[in-house]
Amino acid sequence: MADTDAHPITVAIERRIDPTRTAEATSWMQAGTDLATAFPGFLGSGWVRAGEDSDLWYMLYRFRDLGTLEGWETSSQRQWWLDSGRPFAREERVERRTGIEGWFDAAFGSVVERTDAATSPVQQPVPLAPPRWKQAVTIWVGFFPTNLLASWLLGFVPGFAEIPLVLRVLATTLMLTPVMTYAVLPWVTRLLRPWLQRPPRSRKASP
């Protein structure tokens with residue numbers, strides 16, 4: 001079974017910010033990004049606002065694996081940074097995403113600032129999640145050959161065909177689910193990344 005700790009992890013945090021202290025919050029969010037860049041395994045981060053008049057702000061950061069992520073999240077530097085923002089920032093929700101999940105989440109909007117390990121902060125738009133039909137194709141591309149190979153191999157197991165259908169399906173799904181989640185789907189999404197990121201062609205207006 002694949003080591004789940006070895007996969008890059010993206011953390012998405014939703015916070016409510018005091019609208020009267022937007023300038024302080026902007027500097028505070030960037031300070032958190034600057035602190036994270038100094039930690040091993042840091043792969044990038046960004047923050048977005050739900051809207052110009054909204055008090056909902058979102059921060060995303062990504063680390064190489066669970067160990068490096070926890071190194072940042074348990075650090076005294078991050079604790080100091082969180083404490084400094086408590087007067088105007090309230091954490092509402094935290095989600096961790098690995099593998100294919102990053103593609104299938106809806107985009108929050110436009111990134112206000114982005115920083116990675118090699119560049120200084122710049123403005124950049126968040127790519128939209130691929131359309132549903134592309135998501136379906138991606139899953140099928142991984143699932144079909146994996147299921148086909150598993151069915152062929154299980155045909156060599158003596159007596160497997162005589163097992164009741166429900167038990168055969170149960171055994172197959174129990175075996176294939178971790179394989180799909182931790183090996184096949186991450187590989188397929190990397191392989192299809194240019195196609196998944198390709199923006200839809202705009203239709204020409206009729207004369």
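Residues numbered from 1 in each chain as written. Predicted model: local features only at pLDDT ≥ 70, side-chain atom pairs only at ≥ 80, totals over all residues. Heavy atoms only, no water.

A. Looking closely at helix H2 (residues 66-73). Among the residues of H2, those classed as buried are Leu66, Thr68, Leu69 and Trp72. Down the axis, H2 shows its buried residues gathered within 165° of arc, on one side only. For H2, the capping residue at the N-terminal end is Asp65, with a side-chain oxygen 3.3 Å from the backbone nitrogen of Gly67. (Buried < 20%, exposed > 50% of the residue type's maximum accessible area, 1.4 Å probe, protein only. Helix = DSSP H or I, 4+ residues; strand = E, 2+ residues; numbered from the N terminus. Arc of directions from axis to C-beta. Polar contact = N/O pair within 3.5 Å; in protein donor to acceptor, adjacent residues only side chain to side chain.)

B. Representation of the packing of helix H1 (residues 22-37) against helix H3 (residues 76-85) within the structure. Axis separation between H1 and H3 bottoms out at 10 Å; the angle between their running directions is 180°. Between H1 and H3, the angle is such that the two are roughly antiparallel. In this structure, H1 contributes Trp28, Met29, Ala31, Gly32 and Leu35 to the contact, and H3 contributes Gln77, Trp80, Trp81, Leu82, Ser84 and Gly85. In terms of residue class, the contact of H1 with H3 is built from 7 nonpolar, 4 polar and no charged. (Axes fitted to C-alpha atoms, helices over the stretch in contact; angles between N-to-C directions. Parallel < 35°, antiparallel > 145°, perpendicular 65-115°, else oblique. Contact = heavy atoms within 4.5 Å. Nonpolar A, V, L, I, M, F, W, Y, C, P; charged D, E, K, R; others polar.)

C. The packing of aromatic side chains, seen in detail. Under the counting rule described, the total for this entry stands at 10 aromatic pairs. On the numbers, 5.2 Å between centres and 75° between planes, the contact of Phe39 with Trp72 is edge-to-face. Taken together, the positions of Phe39 in the loop between H1 and strand E2 (42-49) and Trp72 in helix H2 put the pair 33 residues apart, joining distant regions of the chain. Neither Phe39 nor Trp72 differs from the other in exposure class; each is buried. Ring geometry for Trp140 and Phe144: centres 5.2 Å apart, planes at 10°, overall stacked. Residue Trp140 and its partner Phe144 are both found in helix H5 (residues 132-154); the two are separated by 4 residues, about one turn of the helix. (Phe/Tyr/Trp six-rings, centres within 6.5 Å; stacked < 30°, edge-to-face > 60°.)

D. Structural view of the packing of H5 against helix H6 (residues 165-191). In the contact formed by H5 and H6, the axes pass within 10 Å of each other and the chain directions differ by 140°. Put simply, H5 runs oblique to H6. Handedness of the crossing formed by H5 with H6: right-handed. On the side of H5, the interface is formed by Thr138, Ile139, Val141, Gly142, Phe143, Thr146, Asn147, Ala150 and Leu154, while H6 contributes Thr172, Met175, Leu176, Val179, Met180, Val184, Leu185, Val188 and Thr189. Looking at the contact of H5 with H6 residue by residue, the class counts come to 12 nonpolar, 6 polar and no charged. (Left-handed = near helix turned anticlockwise from the far one by under 90°.)

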